[in-house]
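As a plain string of letters, each chain reads:
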Amino acid sequence: MLPYLEDLKLSGCKLPRILSPPSLTNSTSSPISIDLSRNNLTSSVYTLLFNITSKIVDLDLSDNLLGGSIPEFFENMISLKHLYLWRNNFEGEIPKFLGKTCTVETLDLSYNNFSGSMIPGFLGCLENSLQFLDLSRNNFHGPLMSPYIARFSSLRELYLSDNRLNGSLSKSFNFKQPSNLAVLQLSGNQLTGTLPDFTTLSSLKDLRIGGNQLNGTIPESLGCLSELEYMDVSWNSFEGVISETLFKNLSKLKFLDLSYNHLVVNFSSVWVPPFQLQYIYLSSCKLGPHFPIWLQTQKGFEQLDISCDEISDTIPNWFWVLPPHLTHLNLSHNSFNGMLPQLSSTKFLSNVGIDLSSNLLEGPLPLFLSNVSSLNLSKNKFSGSVSPLCKIKAEVLSFLDLSSNSLSGVFPDCFVHWEALVVLNLANNNFSGGIPRTSGSLSSIESINLSNNKFSGDLPSSLKNCSQLKYLDLSNNKLSGNIPAWIGENLSSLIYLSLQGNEFKGKIPVNLCQLANIRILDLSQNTISGTIPLCLNNLTAMSRKGDSNDIVEYDYLSSWQEGSNGDLLSGFRGNYVENAWVEWKGKHYEYERYLGLLRIINLAGNKLVGKIPDEITSLSELVQLNLSGNNLVGFIPETIGHLKQLESLDLSKNQLSGQIPASMVDLNFLNYLNLSYNNLSGRIPSSTQMQTMEVSAFVGNQALCGPPVTQQCPEDEATQGQPPNGEIEDEFNKWFYAGMGVGFFIGFWGGFAPLLLKRSWRHAYFRFLDNLKDSPYVTITLWGSRLQRRLKS
C-alpha cells in the first residue's frame, strides 16, 4: 500500500477510529515523514507503521489518545530524527530502547504521565545528536542530573517544567564548561537553594525557573547573559534589591517576570533601559511609593502587571497613551489616587483586560475603549452613573466588577449588549430602581452579585433565561413580591442563592427543592410566610461532603486577539474566585477559599409557621441551620442528631415546645447553639458540647432545667438535703483512713515505745522470741524420737 510513500500529513483531519488499519509499505529507500497528530487516534494506529519503521525519519503522533507504554517496535526506527508524542496518555518510565535510537535530534514527550528519574543514563547514546528535549508536564521526580545534561553537547532546548523535581538547584545543575543551551525551562517544580552560576550558558535566550522554592539574591552576573530574551524568576523566595545594573547588558530582553518574591525594585528616575519589553510582570515587587518613570520608555508592551507594589501616587497622563498591542493591564492593590481620563480614543488591536481595583481612584467613570473584554474597578471611590459602560462592544465584555464604590442611579438597560458576560458584580453601591428587564440577555452569565444596593421591585422573569447561573446574591436591597417559582425550575445550576434582607413575601415555593446543586440557601430577613417545604431533602448537595479544594470560581477570557475571520488567535484567561458574606454564629464573615466547604440553610427573620420538618435532618452535611425569629411550633425533630456535621444551630425566638432531643448530644462538632425564647422544657441533655454552651443559649425557656442553667430539675429538688451516694462514700473513706492513722499511732507507741525506752523489757522481749523459736524445734525432736522407738518395738 502506497509503495512510494515519502510524506504523509493528516494532522487534525478527524480520522475515524479504524480497528485494523492496513499497514503502509515503501519499496524505495527514501526516508518517510508521518504526521498523524490531533486525530484522537488509539493504539490501533501502530499497525500502519509496522512495515516502515526502519525508514521513518519524522513521526508525529501528538495530541491523540495513545496510552500505556511506548511500544517496543519503536526501537526499530533506526533512522528516526524527530519524535513527537506530546499530549497523550503514555505512562511509566522512559523505555530503555529509546537509548538505542542514536540518531534522534528532537524528543518531545511532554503532557503525558511518564514517571521515574529525570533523563536516565541510557539516553547517553543521544549525547551527540539530541538538540531538543521536552519532558515537561509529566510526573518525573528526584534531583536534576546535571552530569548527564552537560554531556549532551548538541542540546539547544531543554524543557523540564511542571514535574516533581527537587533538591538544590545550585548543587545539581552546574555547567562548568561552556554550553550551547539556548532554552532552559525548570518552572513549576520543587527546586530549592540559591541560583547557580549561569555565565557558562552564554547562548541562553530563555530562562524560566518560576514556581519553585528558590531563595537568596538574584546575582548581577545574570546580566552577563547578553542573548537573554525571556527571564522568569517569579513565585520563589528571592530577596534583596534589584537595580538597573542587572539589566545593563540585556538589550534583547522582551519578557521579564520578577513577581511574587520579596524583591525591592529600585530604578533611578532618569534610567533609560536598554531593552523594549513586550511583557512586564512586577507584581509584589515594591516599586513604590512613586510611579515608575522608566515605563515611559517602553513603547510596545502587550501586558503590564504592577499590582501590589506599594505605589501611592497619581497616574501620569503620559501613561494613558497606551501601546496599540496592549492586551492586559493590571494596576490593582496600590494606592493610586485622582481621576481617570477619557480612554475612548485609544485604539487597540486586541480585546483588552483592565484591572484598577483596590486603589483610591475617584470621580465619574470615564468613557472606556469599546473593546474592553474584562474590567475591574472595584474597591475605589468612583461615583455617579455607569452609563459610559454601555459603549462597550456587545460580543466582547466577559467580566465586569464595579463593587464597593459610590456609584448610584438607575442601572442602564444595556445588558442586551453583553451576551458574553460571565461575571457581573455591582455589590456595595447605591444603585436604585428595578433590575434591568434585559438581564435575561446575559446568556453566558454564571455569577451575579447585586447585594447591598437599593434595587427595588419584582425580580424580572427574563432572569430565568440565565440557565448557567451558579451564584446569585441579591441580598440587602428593597426587592419585593413573591419568590418566583422559576428560580427552582430554570436555574438548576445554582450553588449559592441569597435573597436575604429584602421585602419578599408569600410562601417558599416548593420548586426551590429542585435546586439539587444548592449549597447555601439564604432567604432570611424577609416577610415570607407559610410552612417550611417538606421536600428540602431534595437539596442533595447538602448531603454531599464539602471539600476545601472545591473553590467556587469562574474562568473567562480576560483579553484575546481575533484573526481576520473572527477566530481566536491568542488569549489571556482570567480566573475569578467567588466570595460571599455569610452569617456565622450571629456575626457576618467573608468566605472565599473555603466557600466550597459550607452547607447552609438560613430562613431566619421571617413569618414562617408550622413545624420543623423531619426531612431537613436528612441533609447530613449541613453545617449551619438558622430558623430563628419565626413562628414555628411543635417539637425539635428527634432526628436532629443525624446532622453530624452541624456546627451552628439557631432555633431561637420561635414557639417550639417539648424537650430538647437526646440525640442532640451526638452533634460533636456543634460549637454555636441558640434555643432561647421558646417554650422548651425538661432537662438539658448532658454532653460536652451542651454543657459548655453559654447560658444565654437557653434563656427565655422557663421550664428548662439542669446545667448549664441554674434552675434545678424536680427530681434533683426531691433529693435536696440528702447527700448523694458519692458524698456518703467520700465521708466514709475520710473516717476510715483517719481511724487507721489513729490506730497505727496508738499501736506503735503503746507496744514498741516501751521496748525502745526500757532496757530490761527489751531483753525480756527478745528472750521470749528466742524461746518461741526454740520451742517448736524441741517439740518436733521429741515426737520424732518417740515415733522411732514405737516402730522398732
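These remarks concern the structure in this document. (Residues numbered from 1 in each chain as written. Predicted model: local features only at pLDDT ≥ 70, side-chain atom pairs only at ≥ 80, totals over all residues. Heavy atoms only, no water.)

A separate point is the pattern of salt bridges. Summed over all chains, the structure comprises four salt bridges. Taking the shortest distance from any N to any O, the salt bridge between Arg 137 and Asp 162 comes out at 2.8 Å. With Arg 137 in the loop between strand S9 (132-134) and strand S10 (139-142) and Asp 162 in the loop between strand S11 (157-159) and strand S12 (164-168), the pair connects residues that are 25 residues apart, well separated along the chain. For Arg 137, a relative accessible area of 40% translates into the label partly exposed. Among the residues examined, Asp 162 registers a relative accessible area of 31% and is labelled partly exposed. Of the charged contacts in the structure, one is a salt bridge between Glu 227 and Lys 252, with a shortest N-O distance of 2.8 Å. Pair noted here: Glu 227 is in the loop between strand S16 (213-216) and strand S17 (230-232) and Lys 252 is in the loop between strand S18 (237-242) and strand S19 (255-257), with a separation of 25 residues, a long-range link. (Salt bridge = Lys/Arg side-chain N within 4 Å of Asp/Glu carboxyl O. Helix = DSSP H or I, 4+ residues; strand = E, 2+ residues; numbered from the N terminus. Buried < 20%, exposed > 50% of the residue type's maximum accessible area, 1.4 Å probe, protein only.)

Moving on, we come to the state of the cysteines. The tally for this structure, following the rule as stated, stands at three disulfides. Here Cys 390 engages in a disulfide with Cys 414; their sulfurs sit 2.3 Å apart. A torsion of -70 degrees about the S-S bond marks the disulfide between Cys 390 and Cys 414 as left-handed. Of this pair, Cys 390 sits in the loop between strand S28 (381-384) and strand S29 (399-401) while Cys 414 sits in the loop between strand S30 (406-410) and strand S31 (423-425); the two residues are 24 residues apart in sequence, bridging distant segments of the chain. Each sulfur in the disulfide pair Cys 513 and Cys 535 lies 2.0 Å from the other. Across the S-S bond linking Cys 513 and Cys 535, the dihedral sits near 70 degrees, which makes this disulfide right-handed. Linking Cys 513 in the loop between strand S38 (503-507) and strand S39 (520-522) with Cys 535 in the loop between strand S40 (527-531) and strand S41 (553-562), this pair joins segments that are 22 residues apart in sequence. Neither residue differs from the other here; Cys 513 and Cys 535 are each classed as buried. (Disulfide = S-S within 2.5 Å.)

Counting 189 residues, the largest nonpolar core has Phe 74, Phe 247, Leu 258, Trp 418 and Phe 698 as its most contacted members. Those elements giving two or more residues to this core turn out to be strand S2 (32-35), strand S3 (56-60), S18, strand S20 (262-265), strand S25 (352-355), strand S27 (372-376) and helix H3 (486-490). Residues within four places of Phe 74 in sequence aside, it is in contact with Tyr 46, Leu 59, Leu 61, Leu 83, Leu 85, Phe 97 and Thr 101. Judged by nonpolar contacts, the second largest core, of nine residues, contains Tyr 496, Ile 520, Leu 598 and Val 623. (Core = buried A, V, L, I, M, F, W, Y, C linked by side-chain atoms within 4.5 Å. Contact = heavy atoms within 4.5 Å.)

Sheet strands pair via backbone hydrogen bonds, and the direction of the pair is either parallel or antiparallel. Read from one edge of the open sheet, nine strands run S4-S6-S8-S10-S12-S14-S16-S18-S20, paired in parallel fashion. Across the chains shown, the open sheet's two edge strands, defined by having one partner strand only, are strand S4 (67-68) and S20. Looking at chain direction, S18 and S20 are connected through four bridges and run parallel. Residue Glu 239 lies in a different strand from S20, and its bridge partner there is His 262. (Pairing = 2+ DSSP bridges.)

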